[in-house]
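Descriptive analysis of the structure
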Amino acid sequence: MELGTATGYSTIYLARGSEAAQGRVLTLEHEDRMAQRARLNFARAGLDRQIDLRVGEAISLMSSLTGPFDLIFMDIDKEGYLEALAHCQRLLKVGGLLITDNVGFRGALDFNQELFSHPHWRSVQLLSFLPQHAPETDGLSLAVRIK
Ligand SMILES: C[S@@+](CC[C@H](N)C(=O)[O-])C[C@H]1O[C@@H](n2cnc3c(N)ncnc32)[C@H](O)[C@@H]1O
């Protein structure tokens, strides 16, 4: 599952990456115009049947999902990360991977603290490995749900 589709660039990577395992990607986006562009890109990439795009606010859409998901890529507005984390924990299988983008942003501070201190997650932050990204202001975290 992906939170924050935009034009579907990362969704296409996720779909291609899960092709060998006959994986499917559910992606959530609240802007209609973005969703329309993404749908066109999925069709052009020949992936429209592998990707399920739902339009709406990610946290409220997640409330009605049951999962479990193997992987979640979180890339919505950073102010929503902390609230989304509880849903990620509920929806991700034990052993599943949560990848969160832009964790060096100030708005992600409370999320980072919760992720590090919560006993159900084991996580690492990659703040200095991304080319073209300033290490002190951007990066991503990888977290495995261990319980
Ligand atoms: C950084 S972009 C996503 C980029 C995309 N994942 C990629 O790497 O190609 C963030 C997207 O999430 C959407 N978004 C932000 N907050 C959201 C929310 N709470 N619920 C749903 N979509 C949201 C924005 O409209 C925007 O299109």
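Residues numbered from 1 in each chain as written. Predicted model: local features only at pLDDT ≥ 70, side-chain atom pairs only at ≥ 80, totals over all residues. Heavy atoms only, no water.

**So, the domain arrangement of the protein chain**
To be explicit about the condition: Annotation comment: domain bounds sourced from an automatic or database domain assignment.
Along its sequence, the protein chain is organised into domain 1 (1-56) and domain 2 (78-147). Taking only C-alpha atoms into account, the centre of domain 1 sits 21 Å from that of domain 2.

**Some thoughts on the layout of surface pockets**
This is how it is decided: Only protein atoms enter the calculation, which uses a 1 Å grid: trapped sets of points that fit a 1.4 Å probe without letting it out are cavities, open sets showing protein on both sides within 12 Å along at least five of seven lines are pockets, and any residue with an atom within 4 Å of a point is a lining residue. Grid points are joined across faces, edges and corners, and a volume is the space filled by probe spheres set on the points. Numbering of helices and strands runs from the N terminus; a helix is a DSSP stretch of H or I covering at least four residues, while a strand is a stretch of E covering at least two. Gly is placed with the polar residues, together with every amino acid not listed as nonpolar (Ala, Val, Leu, Ile, Met, Phe, Trp, Tyr, Cys and Pro) or charged (Asp, Glu, Lys and Arg).
Roughly 520 Å³ of volume is contained in the largest pocket. In this structure, the largest pocket is lined by 21 residues; those nearest its centre are Gly-4, Thr-5, Ala-6, Asp-75 and Ile-76. Secondary structure elements with two or more residues in the lining of the largest pocket: α1 (9-17) and β2 (25-29). For the lining of the largest pocket, the leading source of residues is α1, giving 3 residues. A class-by-class count of the residues in the lining of the largest pocket yields 8 nonpolar, 6 polar and 7 charged. Of the domains in this structure, domain 1 (1-56) and domain 2 (78-147) are the two that each give at least three residues to the lining of the largest pocket. Of all the elements in the fold, those that place two or more residues in the lining of the second largest pocket are α1, β2 and β4 (69-74). Within the lining of the second largest pocket, the residues separate by chemical class into 9 nonpolar, 3 polar and 3 charged.

**Notes on the site of the ligand**
Applicable threshold: By convention in these notes, a residue is near a molecule or strand provided one of its non-hydrogen atoms lies within 4 Å of it. Polar contact is the term for a pair of N or O atoms within 3.5 Å; when the atoms are in protein, one must be able to donate a hydrogen and the other to accept it, and sequence-neighboring residues count only if both atoms are side-chain atoms. Note on areas: Shrake-Rupley with a 1.4 Å probe; residue coverage comes only from the protein chains shown. For this analysis, a molecule is said to be in a pocket or cavity if more than half of its atoms are within 2 Å of the grid points defining it.
Contacts to the ligand come from 17 residues, most closely from Gly-4, Ser-10, Glu-29, Glu-57 and Asp-75. One of the backbone nitrogen or oxygen atoms of Ala-6 is found 3.5 Å away from an oxygen atom of the ligand. Bound to the protein, the ligand loses 81% of the 610 Å² it would expose on its own. The pocket occupied by the ligand, as judged from atoms lying within 2 Å of grid points, is the largest pocket.

**Remarks on a negative patch on the surface**
To keep it simple, the criterion reads: Patch criteria: residues need more than 30% relative accessible area and no salt bridge. Like-charged residues are merged within 9 Å; nonpolar side chains of Val, Leu, Ile, Met, Phe, Trp and Tyr are merged within 5 Å. Only one rule defines a salt bridge in this text: a Lys or Arg side-chain nitrogen within 4 Å of an Asp or Glu carboxyl oxygen. Lys and Arg are tallied as positive, Asp and Glu as negative. Neither His nor the chain termini are counted. Where a charge lies is defined by one atom per residue type, namely NZ (Lys), CZ (Arg), CG (Asp) and CD (Glu). Only protein chains enter the accessibility calculation, which uses a 1.4 Å probe. A residue is then buried if its area is under 20% of the maximum for its type, exposed if over 50%, and partly exposed in between.
There is a patch of like negative charges on the surface, built from Glu-31, Glu-57, Asp-77, Glu-79, Glu-83, Asp-110 and Glu-114. When you line up the elements, Glu-57 lands in the loop between β3 (51-55) and α3 (58-63). The class for Glu-57 is partly exposed, based on a relative accessible area of 38%.

**Here we look at the pairing of β3**
Two faces belong to every sheet, and in a regular strand the side chains alternate between them. We count it as follows: We treat two strands as partners when DSSP finds at least two bridges between them.
Here β2 pairs with β3 via 5 bridges, running parallel. Counterpart to Leu-26 in the pairing with β3 is Asp-52.

**A short note on unusual backbone geometry**
Residue Gly-67 is joined to Pro-68 through a cis peptide bond whose omega torsion reads 0°. Within the secondary structure, Pro-68 is located in the loop between α3 and β4. In the Ramachandran plot, Gln-22 falls in the positive-phi region, its phi being about 55° despite a non-glycine side chain. Following the sequence through the fold, Gln-22 ends up in the loop between α1 and β2.

**Comments concerning the packing of aromatic side chains**
Let me state the cut-off plainly: Pairing of aromatic side chains requires ring centres within 6.5 Å, counting the rings of Phe and Tyr and the six-membered ring of Trp. Pairs whose planes differ by under 30 degrees are stacked, by over 60 edge-to-face, and all others tilted.
For the structure shown, the criterion picks out 2 aromatic pairs. Taking 5.5 Å as the distance between ring centres and 50° as the angle between the ring planes, the aromatic pair formed by Tyr-9 and Tyr-13 counts as tilted. Residue Tyr-9 and its partner Tyr-13 are located together in helix α1, separated by 4 residues, close to a single helical turn. A ring pair is formed by Tyr-81 and Phe-111, whose centres lie 5.3 Å apart and whose planes are at 65°; its orientation type is edge-to-face. Residue Tyr-81 is found in helix α4 (residues 81-91), and its partner Phe-111 is found in helix α5 (residues 109-117); the two are separated by 30 residues along the sequence. A relative accessible area of 0% places Phe-111 in the buried class.

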